[in-house]
Amino acid sequence: MNWREVNFDGIVGPTHNYAGLSYGNVASAKNQGLVANPREGVLQGLQKAQHLRSLGMIQGVLPPHDRPHLATLRGLGFTGSDAHMLASAWKNSPALVRNLMSSATMWTANAGTISPSPDTENGKTHFTPANLAAMYHRSIEFETTGRVLKVMFPEGDRFQHHPAIAGGTHMGDEGAANHNRFCGDYGQEGAALYVYGRSAFDGAKDLTFPGRQTLEASEAIARQHGLRDGKAVFIRQNPAAINAGAFHNDVVAVSNKNVFFYHEEAFENPAEMQKQLRRAAPEINFDFVEVPSAKVPLSDAVKSYMFNSQLLSPPGDDKMRLILPIEVSETARTKVYIDELLASGGPIGDADYLDVRQSMRNGGGPACLRLRVALSDDQLSAMGARSVLDDALVATLQNWANKHYRDRVGADDLGDPQLMEECFAALDELSQILELGSVYDFQR
Ligand code: SUG
């Protein structure tokens, strides 16, 4: 049976904008108020997906969500027609509308946590959508995400879905961005590393920025996914990394198979992290590529997003390949470091620099934009919906984006009923293209 990692990239939504909503996310705060170009954003994302396809990878997509999220407005007591609800909410609280217009679902590394079937007791692939409780504009994602995942991976012999973890910020869960699966090969049993920022009940006095992921939420996911005893490792992020802007662990670390590429200051106790992983999976020949602060200061890692890269095993290649944001090549020390890394004879032999600047300005690099799922041939053929890209689907999506998306969305546009109509028209058509059925909350 053939196994591979499939990347599901979030399609940038029609309301993509820079509202500065994510406290602790340095890029989001810095770029607040810029005019966004959603059309350029979606095309940059598709170009990244095409690049992976050109390397021989199988590539899927996940759809954007309906924005403004009318179900949330209704839950807050707004009534009447869609346009009336939007107008009243905009008058009452533009800040609320800005939150409900966010296109943050594009960062599918936060869509959920996935444990592939070789790692679970019942031999099924398990899914838990992330509650994203830390940020209001993201806390409205999990219900739609859960519906989409169920259409794409139908519940049954192969796939099992769980509800998002309840409990608000105490049980804050940000999904795969704080989760790494290690294995010898994708179809072999692996070990899971869950990285958390704080414990639910301890106050985390050493954090100035939010620790979005709690230990208790991570433990709950490992339990409900039925990971085998001893195969889940829980390690704390370095508070200094969170305070420097690494709001998710994937800003300072990325893994693939047996290789872990991470910054020296990513974890509170990196030696303990290595020890526990080796203990959890003695059969895996771990290769830890720890990047010293002396070569790449934490500030350059956060600014360039060097670790928010995709680390791939393209079919037929002996060495792994990094997909980096172009900002890494524009930051002196990270460019020098990557050149040295590729020449070092280690496990990583190639690197490509891609332009995903529309997303990067909100703190989302190549790794944020994708959800990884290890799938066998059999599981791939059992998938629902039409989310795996081929040339025809890419062309259809490009035409769709060119037809529906604006090339400018600024702060004042977010209360515009016309933008809402455009978003719903685009998603109505997209749900047909991707054969999603009724996953959205708006009525058409
Ligand atoms: O949750 N930005 C996202 C970026 C998520 C990046 N994901 C990973 N690291 N995996 C966030 O902070 C900004 C939206 C705004 O400001 O409008 C935002 O939500």
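A few points on the structure.

Right, let's talk about the pairing of strand S4 (residues 125–129) for a bit. Within S4, five of the five residues are buried, which leaves it mostly tucked inside the rest of the structure. Of the two faces of S4, the one holding Thr125, Phe127 and Pro129 and the one holding His126 and Thr128 are both buried throughout. As paired strands, strand S3 (residues 112–115) and S4 are joined by four bridges and run antiparallel to one another. Bridge pairing in S4 links Ser115 to His126. As paired elements, S4 and strand S5 (residues 159–161) share three bridges and run parallel to each other.

Here we come to the sheet that holds strand S6 (residues 179–182). The three strands lie next to each other as S6-S7-S8, forming an open sheet whose pairing is mixed. Two strands bound the open sheet, and with one partner strand each, they are S6 and strand S8 (232–236). Strand-to-strand twist in this sheet, taken as the mean axis angle between neighbours without regard to direction, amounts to 20 degrees. With five bridges joining them, strand S7 (residues 191–196) and S8 adopt parallel strand pairing.

Take helix H9 (residues 270–280) next. Looking at H9, one finds that the buried residues are Pro270, Met273, Gln274, Leu277 and Ala280. Taken around the axis of H9, the buried residues stretch over an arc of 135 degrees, which confines them to a single face. Residues of H9 that are exposed and point over 90 degrees away from its buried face: Ala271 and Arg279. Turning to H9, the residues buried within the fold contact S6, S7, S8, strand S10 (259–263) and strand S11 (287–291).

As a matter of local geometry, the ligand sits amid 21 residues, with Leu21, Ser22, His137, Asp250 and Cys368 nearest to it. Residue Asn25 places a side-chain N or O atom 3.0 Å away from an oxygen atom belonging to the ligand. The side chain of His137 places a nitrogen or oxygen atom 2.7 Å from an oxygen atom of the ligand. In the complex, the protein chains occlude 100% of the 490 Å² of accessible area that the ligand would expose alone. Comparing atom positions with the cavity grids shows the ligand to sit within the second largest cavity. The residue inventory of the shell around the ligand, partitioned by class, reads eight nonpolar, 10 polar and three charged.

Calculation rules
All residue numbers refer to positions counted from 1 along the written sequence of the respective chain. At least 70 in pLDDT is required for a residue's local features to be given in this predicted model, at least 80 for side-chain atom pairs to be given and counted, and no such filter applies to totals for whole chains, interfaces and linings, which use all residues. Values reported for side chains reflect all heavy atoms of the structure, with hydrogen atoms and water molecules removed beforehand. Exposed residues in this analysis have more than 50% of their type's maximum accessible area, buried residues have under 20%, and partly exposed residues fall in between, with area computed by a 1.4 Å probe over protein chains only. Secondary structure follows DSSP: runs of H or I at least 4 residues long count as helices, runs of E at least 2 residues long count as strands, and numbering of each begins at the N terminus. Pairing between strands is defined by DSSP: at least two bridges between them are needed. Each axis is a line fitted through C-alpha atoms, and for a helix only the stretch in contact is used; angles between axes span 0 to 180 degrees, taken between their N-to-C directions. To be clear, the arc concerns the directions from the helix axis to the C-beta atoms. Whether two residues are in contact is decided by their heavy atoms: any pair within 4.5 Å suffices. We define proximity as follows: a residue is near a molecule or strand when any one of its heavy atoms falls within 4 Å of that partner. Under the rule applied, a polar contact is a pair of N or O atoms within 3.5 Å (in protein, one hydrogen donor and one hydrogen acceptor; residues adjacent in sequence only if both atoms are side-chain atoms). Accessible surface is estimated by sampling points in the Shrake-Rupley manner with a 1.4 Å probe; for residues, cover comes only from the protein chains shown. The pocket and cavity definitions rest on a 1 Å grid over protein atoms only: a 1.4 Å probe that fits but cannot leave marks a cavity, an open set with protein on both sides within 12 Å along at least five of seven lines marks a pocket, and residues lining either have an atom within 4 Å of a point. The way we define it, a molecule is inside a pocket or cavity when more than half of its atoms are within 2 Å of that pocket's grid points. Residues are sorted three ways: Asp, Glu, Lys and Arg are charged, Ala, Val, Leu, Ile, Met, Phe, Trp, Tyr, Cys and Pro are nonpolar, and all the rest, Gly among them, are polar.

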